[in-house]
Amino acid sequence: MRAVALALALVVCACENPTPPEGAAIERGPTAIALDADANGLRWDAASRTLYLADDQNNRVLRWTDAEGVSLVANLPPAPPDGAGLGDLVRLPDGTLVVVRFGGGKAGDVVFVRPDGTSGIVPGLDPERRRIGLTLARDGQLYVAYFVRRNNVNVGSVARLTLEGTEQEVIGALQKPVGVLAVGDALFVSDQLAGKVYRAPLASPQDYTTYATLPNPDLLALGPDGSLLTGSRQGQVFRIHPSGDIRVLASGFQQPRGLAFDADNRRLFLADHDGDTSNGTTHFLRIVPVE
């Protein structure tokens, strides 16, 4: 049983950009908001001051604002039983939300919600690909991280993705790529099994190099001062500075998954997954101040 269940407000179109009223209190935390959801991917939209959450548990996209709390953006197209499992999400310039669905090696796909609230499934993608990471480069190109399992061995890749249904591999020979993040002229990829974060130039992604070594990195986010942020299964959030310095930014969580950083208000949003169901299950959206 979850300790607290947040009631969801009415459905709103993904095109709406709610802005908190002048004088609305800014929650910098530290605070933990119990969710009737299991958030995985997070995306902060600075222009509308809105946090988008991919609800892995209920196959839907939620939003959170300081003024309104948690509300529903859209339910996603139906998925086969055991076939949803949401990963990361991005918001395109026209307001379209794109979300990857893991699929467990049988029903993986990519779905989207248009600005008018209608949704669909990207056609023709390989359902055996277990997609988790997703990012949008500054030129408008989408990149997705996935792996397939052959004879109990993972084979991971990063690919260029189009909503017309093409997926062209640009990085191969990975193990379990979880996060992918485009920053400037580079892609950063977290490989959870290898315990590595790689940096790949967009001009030649296969020429990637090790950027950081750390335990079980998860989804990636851009943090303060050009740093990278990632969580680990050990309940920590790491900050990777461009200098190569790696430090624990925050700790004491359950299993940090998606992260998002609000640079204007110096706060970190964290999807905290409860992986222990023996004493009940409560997933949290956490807000942590970053000084």
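Preceding this paragraph is the structure being described.
Bear in mind the structure is a predicted one, so any value in this text is a computation, not a measurement.

About the criteria used
- Residues numbered from 1 in each chain as written.
- Predicted model: local features only at pLDDT ≥ 70, side-chain atom pairs only at ≥ 80, totals over all residues.
- Heavy atoms only, no water.
- 1 Å grid on protein atoms, 1.4 Å probe; cavity = no way out; pocket = protein on both sides within 12 Å on 5 of 7 lines; lining within 4 Å.
- Points joined across faces, edges and corners; volume = space filled by probe spheres on them.
- Helix = DSSP H or I, 4+ residues; strand = E, 2+ residues; numbered from the N terminus.
- Nonpolar A, V, L, I, M, F, W, Y, C, P; charged D, E, K, R; others polar.
- Contact = heavy atoms within 4.5 Å.
- Pairing = 2+ DSSP bridges.
- Axes fitted to C-alpha atoms, helices over the stretch in contact; angles between N-to-C directions.
- Phe/Tyr/Trp six-rings, centres within 6.5 Å; stacked < 30°, edge-to-face > 60°.
- Buried < 20%, exposed > 50% of the residue type's maximum accessible area, 1.4 Å probe, protein only.
- Lys NZ or Arg CZ within 6 Å of the ring centre and 35° of its normal.
- Polar contact = N/O pair within 3.5 Å; in protein donor to acceptor, adjacent residues only side chain to side chain.
- Core = buried A, V, L, I, M, F, W, Y, C linked by side-chain atoms within 4.5 Å.

**Q** Could you give an account of the layout of surface pockets, naming the residues involved and the relevant values?
**A** Computed from the structure, the largest pocket encloses a volume of approximately 620 Å³. Lining the largest pocket are 25 residues, with R43, W44, L181, A182 and L222 positioned closest to its centre. Breaking the lining of the largest pocket down by element, the ones donating at least two residues are β2 (39–45), β6 (86–91), β10 (130–136), β14 (177–183), β18 (220–222) and β22 (255–262). Its residues assigned to classes, the lining of the largest pocket comprises 17 nonpolar, three polar and five charged. Taken as a whole, the second largest pocket spans an internal volume of roughly 350 Å³. Around the second largest pocket, the lining is made up of 18 residues, and of these N40, I132, K176, D218 and R257 lie nearest the centre. Sorting the residues of the lining of the second largest pocket by element identifies β6, β11 (142–150) and β22 as the ones contributing at least two each. With three residues, β22 is the single largest residue contributor to the lining of the second largest pocket. Taken together, the residues that form the lining of the second largest pocket break down as six nonpolar, six polar and six charged.

**Q** Describe the environment of L268, with residues and values.
**A** For L268, the position within the fold is in strand β23 (residues 267–273). Sequence separation between L268 and G29 is 239 residues; the distance between their C-alpha atoms is 8.9 Å. With residues up to four places along the chain from it excluded, the contact list for L268 reads L229, V237, L249, L259, A260, F261, R286, I287, V288 and V290.

**Q** Summarise the sheet that holds β6; cite the residues concerned and give the values.
**A** Taken together, the four strands give an open sheet; going across it, the order is β6-β7-β8-β9, and neighbouring strands pair in antiparallel fashion. Two strands close off the open sheet at either side, each with one partner strand: β6 and β9 (119–121). The mean angle between the axes of side-by-side strands here comes to 20 degrees, regardless of whether they run parallel or antiparallel. In terms of strand pairing, β6 meets strand β7 (residues 97–101) through four bridges, oriented antiparallel. Within the sheet, the bridge partner assigned to L86 lies in β7 and is R101.

**Q** I'd like a description of the packing of aromatic side chains, backed by residues and values.
**A** Here a ring pair, both rings aromatic, is described through the centre-centre distance and the interplanar angle of the planes. A complete count under the given rule lists five aromatic pairs for this structure. Ring geometry for W44 and F269: centres 5.1 Å apart, planes at 25 degrees, overall stacked. With W44 in strand β2 and F269 in strand β23, this pair connects stretches of sequence that are 225 residues apart. The same class applies to W44 and to F269, which are both buried. With a centroid separation of 5.9 Å and 55 degrees between ring planes, the pair formed by F102 and F147 is classed as tilted. Residue F102 is found in the loop between β7 and β8 (109–113), and its partner F147 is found in strand β11; the two are separated by 45 residues along the sequence. Under the relative-accessibility criterion, F147 is labelled buried at 1%. Members of the aromatic cluster, joined through ring pairs, are W44, W64 and F269. Between R286 and the ring centre of F284, over which it is positioned, the NZ or CZ distance is 4.7 Å.

**Q** Give a description of the environment of W44 that names residues and reports values.
**A** For W44, a relative accessible area of 14% translates into the label buried. Counting along the chain gives 47 residues from W44 to R91, while the straight-line C-alpha distance between them is 9.2 Å. Residues in contact with W44, not counting those within four places in the same chain, are R49, T50, L51, A260, F261, D262, R267 and F269. Polar side-chain contacts of W44 include one of 3.4 Å to the side chain of D262.

**Q** Any chance you could break down the pairing of β22 for me, citing the residues and the numbers?
**A** Counted residue by residue, β22 has seven buried out of eight residues, so it is predominantly covered. With six bridges joining them, β22 and β23 adopt antiparallel strand pairing. The residue of β23 that forms the bridge with L259 is L270. Connecting β22 to the antiparallel partner β23 that follows it, the hairpin turn spans four residues, and R266 within it adopts a positive phi of roughly 50 degrees.

**Q** Tell me about the nonpolar core, and please be specific about residues and values.
**A** Ranked by internal contacts, the top residues of the largest apolar core, which has 17 residues, are L35, L42, L51, L53, W64, F269 and L285. The biggest single contributor to this core is β2, with three residues. In this structure, L285 is in contact with T31, A32, I33, L35, L42, L51, L53, W64, F269 and L270, ignoring residues within four places of it in sequence.

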